[in-house]
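Below are the chains, spelled out letter by letter.
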Amino acid sequence: MLELHAITAGYDRRAPVVRDASLTVTPGEAVGLLGPSGCGKSTLARVAALLHRPASGTVVLDGTSVRHYRHRAPRAQRTAVGVVFQQPRLSADPRLRLSDLIAEPLRATGRRASAPARVAELADTVGLTPDLLTRRPHEVSDGQLQRACLARALVLRPRWLICDEMTAMLDASTTAALVRVVEDYRTATGAGLLAVGHDQTLLDRWCDRTVHWDTVTSAARKTPA
Amino acid sequence: MTERPPAPVPAPAETGAVTAPPPAPAAGAAKTEPAKTEAAKTEAAKTGAAKTGAAMTEAAKTEAAKTEAVKAGPATALPAPPAGAGAAGRAPVLSVRGLSVRFLLPGGRRIAAVTDAHFDVAPGECLALIGESGCGKSVLASALLGLLPANAQTAGSAHLGDLDLLTAGERTLARTVRGRRIGLIPQSPAAHLTPVRTIRSQTEETVAQLTGERNRSALRTAAEQAARRAEFPLDHLDRHPHELSGGLAQRAATALALIGDAPLLLADEPTTGLDRDLVDRTVDELRRHVDADRALLIITHDLAAAERVADRVAVMYAGRIVELSEADAFFGAPGPRHPYSRGLLEALPDRSFTPIPGLPPELGDLPDGCAFAPRCDRATGLCATLPPVTGPVACHHPVPAPARTPEDVRA
Ligand code: SF4
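These remarks concern the structure in this document. Position labels on residues start from 1 in each chain and follow its written sequence. Working convention: letters from A go to chains and numbers from 1 go to ligands, in the order in which they are written. Restriction of local features to residues with pLDDT of at least 70 applies here, the model being predicted, together with a cutoff of 80 or more for giving and counting side-chain atom pairs; totals for whole chains, interfaces and linings are based on all residues. The basis for every side-chain value is the complete set of non-hydrogen atoms in the structure, without hydrogens or water.

**Things to note about the sheet that holds strand 3 (residues 126-130) of chain B**
All names here are of chain B.
Working step 1: In spatial order, the strands read 6-7-8-3-9-10; together these six strands make up an open sheet with mixed pairing. Two strands in the sheet have a free side with no partner beyond their single neighbour: strand 6 (182-185) and strand 10 (320-326). The sheet shows a mean angle of 20° between the axes of neighbouring strands, taken without regard to direction.
Working step 2: It only takes one pair of heavy atoms within 4.5 Å for two residues to be counted as in contact. What counts as an axis is a line fitted to C-alpha atoms, over the stretch in contact for a helix, and the angles between N-to-C directions run from 0 to 180 degrees. In DSSP terms, a helix is any run of H or I states spanning at least four residues, a strand is any run of E spanning at least two, and both are numbered starting from the N terminus. Sheet contacts for helix 3 (residues 137-145): strand 3, strand 6, strand 7 (264-268), strand 8 (295-300) and strand 9 (312-317); angle to strand 8, the most-contacted strand, approximately 145°. Two strands pair under a simple rule: DSSP has to find at least two bridges between them.

Below, the structure is given as structure tokens:
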């Protein structure tokens, strides 16, 4: 399970953007989190991806409480979660070729040897051609770069996927293609998904259930965890 | 990347290309036949009401009617435009013919960003240019604004009244076109607004620039008027951009775009990153300006936004406009006729949510035939040749059109 209990988080302690939010994703489940922009849902997604330490509240990942975030999180927890953000250009190192971008988590976890085979396999999965893999981010379109970012998120075979507005910048066909990649991966591995977005039609079609930001935060207020 | 034998840069003129409507009878011709004017206006009002999801206000109608009267004023009798020409058979504000843009890269590589685009936009009409990122639609916008980088070559023409935007000098474009004859509604208002100054001071400055007004109280009044037109709340004028919500920042940018009273508005991905209800509000506001007789060219990958705002839709694939259709027919029945357009629409989450297989081709390495062929389930051997562009669809095997009445037939 991926459990978020009474999370309060933000960048300014006096004005947290997330107050008292609780949400649970069971193994293999796809949950859509729907909310307007600026509501704090992206911050909550970063907490769930272990990239942002909450001011209070707890994250429990497969039964183990998370005590450390970002690079200080233990490897077993860090590698259990894959994350894709809205803007691929902000999350991709502009100096890396797409193949290196996808392999980055493998290198970071000392699995360099498996990189070529794994990258080739994933490139095929997300629909990137060998030619595109040799290019750097500024030489590909947003859609192609986002395909690479999704491949990077899957490279360590995470049990949980966090997709924060993954398709907000993309056209309808690329959106459908990336969602299909995520769903094929989940079917094959039983991974759980938290998809954060503002498009109800998309989340309803994609996920097992869609929860509204208001209920995530107010339900927590009524029944503190 | 393989280099193709260099194509002549002025792409061969393909007459009768994907252009609907056909050119109006005479440049600057105002529609004069009273009955037709009335009918067209009512039609426009109806469309407007339907598009904005709310009845068009009486005030807006009067406003539109007034504009209409002024526009039609001194015109002499001219033959009625051919049936089905343009939004209301009016002379287009913007008329693009055979527009091509090539980027020359070091090493002799050529990127065919836009190839042989033909379209018109009439007053009181919104044309949505849709397609995936990298298909050339933003390059087309830059070409119209004279904002292409130095390594770009253009061919064809893009007439804004008598002025060809493609050959006009930077001085003309800067002084008389951008802001004055074309109002630009930017992709990211946050980047367009100056962060350290209030909306009021930026609005007043734009008024001063565009009108030459120097009187402080006149500037203040004009700035407030501009804000009102874009429904920007006056009590927020003294705020800085970062103190505004995304929606209000977008309205502030729209207010600036409207100051020059430009007959053509160009909106480049105006809804990227906005929530659905903010998208709806933004395009509804754009629609209001169309209903007040402006022409709007909106460039977007957001099909729902396009459906909400547009009268006509132009679909771009690999640098070419492959289909140009009435929005109602495109999004409703009978639906798009080009296989790519069909695929794009079917990919929507409220339709079949099925992606088009494969990837779009590289603009530096386009095939000689139809660029969609490797992804197309209707492709045949014929598709290795460039599809003729004689109708509203550039395709050898378009999805058959249902039987139509003669007035419905385009081009
Ligand atoms: S020309 Fe041929 S390949 Fe191209 S879209 Fe039409 S049917 Fe498909």
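**Digging into the nonpolar core**
Working step 1: A:Trp206, B:Phe119 and B:Leu165 are the most contacted members of the largest nonpolar core, which has 131 residues in total.
Working step 2: Among buried residues, the Ala, Val, Leu, Ile, Met, Phe, Trp, Tyr and Cys ones that are joined through side-chain atoms within 4.5 Å form a nonpolar core. Three exposure classes are used, based on accessible area relative to the maximum for each residue type with a 1.4 Å probe and protein chains only: buried under 20%, partly exposed in between, and exposed over 50%. A:Cys39, A:Leu61, A:Val66 and A:Leu194 belong to the second largest nonpolar core, which has 30 residues in total.

**Points about the interface of chain A and chain B**
Working step 1: Opposite the 30 residues of chain A that make contact, chain B presents 25 residues.
Working step 2: Summed over both partners, the accessible surface that disappears when two parts come together, traced with a 1.4 Å probe, is what is meant by buried area. Taken over both partners, the interface formed by chain A and chain B buries close to 2,100 Å², and the fraction arising from carbon and sulfur atoms is 56%.
Working step 3: One side-chain nitrogen of Lys or Arg within 4 Å of one carboxyl oxygen of Asp or Glu is enough to make a salt bridge. Along the contact surface separating chain A from chain B lie one salt bridge.
Working step 4: In this structure, A:Arg135 engages B:Glu362 in a salt bridge whose closest nitrogen and oxygen atoms are separated by 3.2 Å.
Working step 5: N or O atoms within 3.5 Å of each other form a polar contact, as long as, within protein, one can give a hydrogen and the other can take it, and as long as residues adjacent in sequence are counted only when both atoms are side-chain atoms. Linking chain A with chain B are five residue pairs in polar contact (both at pLDDT 80 or more).
Working step 6: Looking at the side of chain A that touches chain B, the elements that each hand over two or more residues are helix 7 (142-154), helix 8 (172-189) and helix 9 (200-206) of chain A.
Working step 7: Tallying contributions element by element places helix 8 of chain A first for the side of chain A that touches chain B, with seven residues.

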